Amino acid sequence: MGKHSEGKERKKSGKAKKVVLIILLVLVILLGVASGIGVWYVGDKFGKVNYVDIDEKDIEVNNGIDEKLNGYRTIAIFGVDSRDNELVKGTRSDCIILATIDEKTKEVKLTSVYRDTYLEITGRSLDKVTHAYAYGGAALSMSTLNTNLDLNIKEFVTVNFESVVDIVNAVGGVNIDITSSELKYINGYIDEINRVTNNNASHITKTGSQTLNGVQALAYGRIRYTAGGDYKRTERMRDVMMAVVNKAKKMSVTKLNSLADTLLPKVYTNMSAGEIIGLIPQLASYKITDSTGWPYNTKGATINGVWYGPPITLESNVKELHEKVYGQTDYEPSEKVKEISKKIVNKTGYSK
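Residues numbered from 1 in each chain as written. Predicted model: local features only at pLDDT ≥ 70, side-chain atom pairs only at ≥ 80, totals over all residues. Heavy atoms only, no water.

**Things to note about unusual backbone geometry**
Then comes step 1: At the junction of W294 and P295, the peptide bond is cis and its omega measures out at 5° in the coordinates.
Then comes step 2: For the bond from I312 to T313, the omega torsion is -15°, close enough to zero to count as cis.
Then comes step 3: Mapped onto the elements, T313 comes out in the loop between β13 (306-308) and α13 (314-326).
Then comes step 4: A positive phi angle, near 55°, is found at N198, a position not held by glycine.
Then comes step 5: Its location among the elements puts N198 in the loop between α7 (180-197) and β9 (208-212).
Then comes step 6: A positive phi angle, close to 55°, is found at N304, a residue other than glycine.
Then comes step 7: Residue placement: N304 occurs in the loop between β12 (301-303) and β13. (Helix = DSSP H or I, 4+ residues; strand = E, 2+ residues; numbered from the N terminus.)

**Examining a negative patch on the surface**
Then comes step 1: A contiguous patch of negative charge, built from D53, D55, E56 and D58, is present on the exposed surface.
Then comes step 2: Inspection of the secondary structure puts D58 in the loop between β1 (50-51) and α4 (65-68). (Patch = residues over 30% accessible without salt bridge, like charges linked within 9 Å, V, L, I, M, F, W, Y side chains within 5 Å. Areas by Shrake-Rupley, 256 points an atom, 1.4 Å probe, with all protein chains shown as cover. Salt bridge = Lys/Arg side-chain N within 4 Å of Asp/Glu carboxyl O. Lys, Arg positive; Asp, Glu negative; His and termini not counted. Charge placed at Lys NZ, Arg CZ, Asp CG, Glu CD.)

**Considerations on the packing of aromatic side chains**
Then comes step 1: Counted by the stated rule, this structure contains 5 aromatic pairs.
Then comes step 2: Through successive ring pairs, a cluster of aromatic residues spans F78, Y133, F156 and Y268.
Then comes step 3: In this structure, R236 packs its charged tip against the face of Y220, placed 6.0 Å from the ring centre.
Then comes step 4: The ring of Y350 carries K299 above its face, with NZ or CZ at 4.1 Å from the centroid. (Phe/Tyr/Trp six-rings, centres within 6.5 Å; stacked < 30°, edge-to-face > 60°. Lys NZ or Arg CZ within 6 Å of the ring centre and 35° of its normal.)

**Things to note about the packing of α7 against helix α8 (residues 214-222)**
Then comes step 1: Contact geometry of α7 with α8 gives a least axis separation of 8 Å together with a crossing angle of 125°. Taken as axis vectors, α7 and α8 run oblique relative to one another. Along this stretch, α7 crosses α8, giving a crossing that reads as right-handed. Contact residues: α7 offers E182, I186, Y189, I190, E192, I193, N194 and T197, while α8 offers V215, Q216, L218, A219, Y220 and R222.
Then comes step 2: Here the residues of the contact of α7 with α8 sort into 8 nonpolar, 3 polar and 3 charged. (Axes fitted to C-alpha atoms, helices over the stretch in contact; angles between N-to-C directions. Parallel < 35°, antiparallel > 145°, perpendicular 65-115°, else oblique. Left-handed = near helix turned anticlockwise from the far one by under 90°. Contact = heavy atoms within 4.5 Å. Nonpolar A, V, L, I, M, F, W, Y, C, P; charged D, E, K, R; others polar.)

Now the structure itself:
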């Protein structure tokens, strides 16, 4: 589809810019740090997070990349669709967001990697990037992103999408504008989510701006069969999360406390409480300057009866990523990226 016009999330939307490290730092925001809650309180709350110690030796990084990305910190945010709250592995990462922090300017850029992107899963074969999490959890996902995109990600945060139900309900619902094409599909998702979460949320019966409860909001975020497909689906997810944060900012400390107790046990990360707390003094200076989708240039391909979204080409998309996100003009992709890029071209026949 070339430079897909439907990839609206590539545009600099006001909503995306207000995300404030949406999922990554939502822990800090929802705890009301800006309202003056003490660090001791924050530390106590972060003790509820599911922390895992991942040996950096288990995360692959292409040769020389650490030096090339000096001064930048990129954290992977995974949204998984797990019905049994399995956050370690065995479930696909339906949402992948890279939060890149320029440690000098404090500028933050968010890059959504489309779930069906055709990449080489580290140590395996060419496949959808979403499958890396199912095969080997966050470590394999980070390795796959690093080796295919010339990155040095070593930190991650994973959130189960089903926690959206409790979180949205905790803030009193979110206001979302439902289109006629979305109304066509949303109720099917509502029925499915009701079954797996033991809820009885009602159907949406009209279009336009309205308040959605947790089940309805999650159903909205999962729609993928309208124009724009998975690209538009990712945009919907961001709209829901943005609406939650805006509501949370207006909540009392008591309600924030309750919301934190709901959210934190459903977060899985290798960032310790101390590391996250260490970000708090810098929070006010962070400014999101861009939010885009990657690959920038892609076209659907059906291989052995399965649909994939190969980058065209991986090499040129990685080059553009480093120019846009890391300010590296005339970036030369690594030999590893060039090797994988050739494999994708040979498999798909897409060279431009």
